Structures are given as C-alpha cells and as structure tokens.
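Coordinate analysis (summary)
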Amino acid sequence: MPMDDTVIKRWLVEAGLREKAVDELLGEHKKIQTRFQEEEYAEVGVHVGRFCEAVVYILRLEIGSELKKESVREFAQECLHGDFASDYSDAINQHIPNMLNTAYDIRSNRDAA
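Here the structure is a predicted model, which is why all the values come from computation and not from measurement. Residue indices begin from 1 for each chain and proceed along its sequence in written order. Owing to the predicted nature of the model, reporting of local features is limited to residues with pLDDT of at least 70; listing and counting of side-chain atom pairs is limited to 80 or more, with chain, interface and lining totals taken over all residues. Each side-chain value is derived from all of the structure's non-hydrogen atoms; neither hydrogens nor water enter the calculation.

Focus: the nonpolar core
We call a set of buried residues a nonpolar core when its members are Ala, Val, Leu, Ile, Met, Phe, Trp, Tyr or Cys and they connect through side-chain atoms within 4.5 Å of each other. Think of it in three bands: with a 1.4 Å probe and only protein chains considered, a residue is buried below 20% of the maximum accessible area for its type, exposed above 50%, and partly exposed in between. Residues Cys-52, Phe-75 and Leu-100 are the most contacted members of the largest nonpolar core, which totals 24 residues. Taken together, the elements giving at least two residues each to this core come down to helix 2 (19-37), helix 3 (41-63), helix 4 (72-81) and helix 5 (90-108). For this core, the element with the most residues is helix 3, which contributes ten residues. Ignoring anything within four residues of it in the chain, the contact list for Leu-100 reads Cys-52, Val-55, Val-56, Val-72, Phe-75 and Ala-76. Helix and strand definitions follow DSSP, with helices as H or I runs of at least four residues and strands as E runs of at least two, each counted in order from the N terminus. Any two residues having at least one pair of non-hydrogen atoms within 4.5 Å are treated as being in contact.

Listed below in structure tokens is the structure:
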C-alpha cells in the first residue's frame, strides 16, 4: 500500500526540512506518478527534472553554503568529487548524486522515460 503524502511530509518536516521545499518535492513526485499513469512519458521527463532540482535545493539548504554549484549536474559532480564529500554520509556523497545523474539522463532523453 502506497504511503500517504501527508505522512511523508510530516516525517520530512519533523526531520528538519523546510515545509515549502518538501511541498515542492512531493508535488513534483505526484506529477511524475500522474503523468506516468496517463502514459504521458515525455512529460514524466519534465517532472523528473523538476524533482531533481527540488532534491538539490533541499540538499543545498541542509549542507549550507559549502556548495556553490547551481545545476543538478554540477551539484552531483561536486558531491561525487568535491573536497567536502568525506564529511557526509554515503547517501549524500555517492548514492543521491548517482540517482540525480541517472534521473537527469532520463530528463534529457525524454524517449527514455
């Protein structure tokens, strides 16, 4: 059974994430699901890109001013190869950046969605 967005939102906000950023992230996730169910695959790619941008926004807020990179790709590369990477969990310095790169590949090649 899928988890309710209100529960996920509550957990993320209780974990310290900003409510507006969580709303953006969950909103794009919902749009991805809807477009996929409607078989509007090109539009899925658009929302995957926006979802990635929301993830990067949240991580930049949480990490603070250490990262100055703006784009999803630059952010992912800085996480993977930057000097600060050893200060954070594997999720932040490896797994999430790899997911962002893969998702952005889908976004860039909408036929792949």
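Considerations on helix 2
In this scheme, a helix's expected span is set at 1.5 Å multiplied by one less than its residue total. Counted at 1.5 Å a residue, the expected span for helix 2 with its 19 residues is 27 Å, and the 27 Å between its end C-alpha atoms agrees. Looking at helix 2, one finds that the buried residues are Ala-21, Val-22, Leu-25, Leu-26, Glu-28 and Ile-32. Viewed end-on, helix 2 has its buried residues packed into an arc of 155°, placing them on one side of the element. Residues of helix 2 that are exposed and angled more than 90 degrees away from the buried face: Lys-20 and Gln-37. The secondary structure elements touched by the buried residues of helix 2 are helix 1 (5-14) and helix 3. One or two positions beyond helix 2, positive phi appears at Glu-39, with a value near 60°. Note: the arc covers the axis-to-C-beta directions of the helix.

Examining helix 5
Counted at 1.5 Å a residue, the expected span for helix 5 with its 19 residues is 27 Å, and the 26 Å between its end C-alpha atoms agrees. Along helix 5, the sharpest change in direction is near 30° and occurs at Ile-96; proline Pro-97 comes one to four residues later. Within helix 5, the full set of buried residues consists of Ile-92, Asn-93, Pro-97, Leu-100, Asn-101, Ala-103 and Tyr-104. Looking at the buried positions of helix 5, the neighbouring elements they touch are helix 3 and helix 4. To get the bend at a residue, fit one axis to the 7 residues ending there and another to the 7 starting there, then take the angle between the axes.

Regarding unusual backbone geometry
Despite not being glycine, Glu-39 has its phi angle at roughly 60°, a positive value. Among the structural elements, Glu-39 can be located in the loop between helix 2 and helix 3. The class for Glu-39 is exposed, based on a relative accessible area of 57%.

Quick notes on the packing of helix 2 against helix 3
Orientation of helix 2 relative to helix 3, taken along the N-to-C sense of each, is 160°, at an axis distance of 8 Å. Comparing their axes, helix 3 and helix 2 come out roughly antiparallel. Here helix 2 runs over helix 3; the crossing is left-handed. Across the interface between the two elements, Ala-21, Val-22, Glu-24, Leu-25, Glu-28, His-29, Lys-31, Ile-32, Arg-35 and Phe-36 from helix 2 touch Tyr-41, Glu-43, Val-44, His-47, Val-48, Arg-50, Phe-51, Ala-54, Val-55, Tyr-57, Ile-58 and Leu-61 from helix 3. In the scheme used here, Gly and all other residues not listed as nonpolar or charged are polar, with Ala, Val, Leu, Ile, Met, Phe, Trp, Tyr, Cys and Pro taken as nonpolar and Asp, Glu, Lys and Arg as charged. Counted by class, the contact of helix 2 with helix 3 contains 14 nonpolar, two polar and six charged residues. Geometry is summarised by axes, namely lines fitted to C-alpha atoms with helices restricted to the contacting stretch, and by angles between N-to-C directions that run from 0 to 180 degrees. Angles are sorted into four bins: roughly parallel if under 35 degrees, roughly antiparallel if over 145, roughly perpendicular if 65 to 115, and oblique for all others. The hand of a helix crossing depends on one turn: near helix anticlockwise from the far one by less than a right angle means left-handed, and clockwise means right-handed.

On their own, these measurements won't tell you what the molecule is for.
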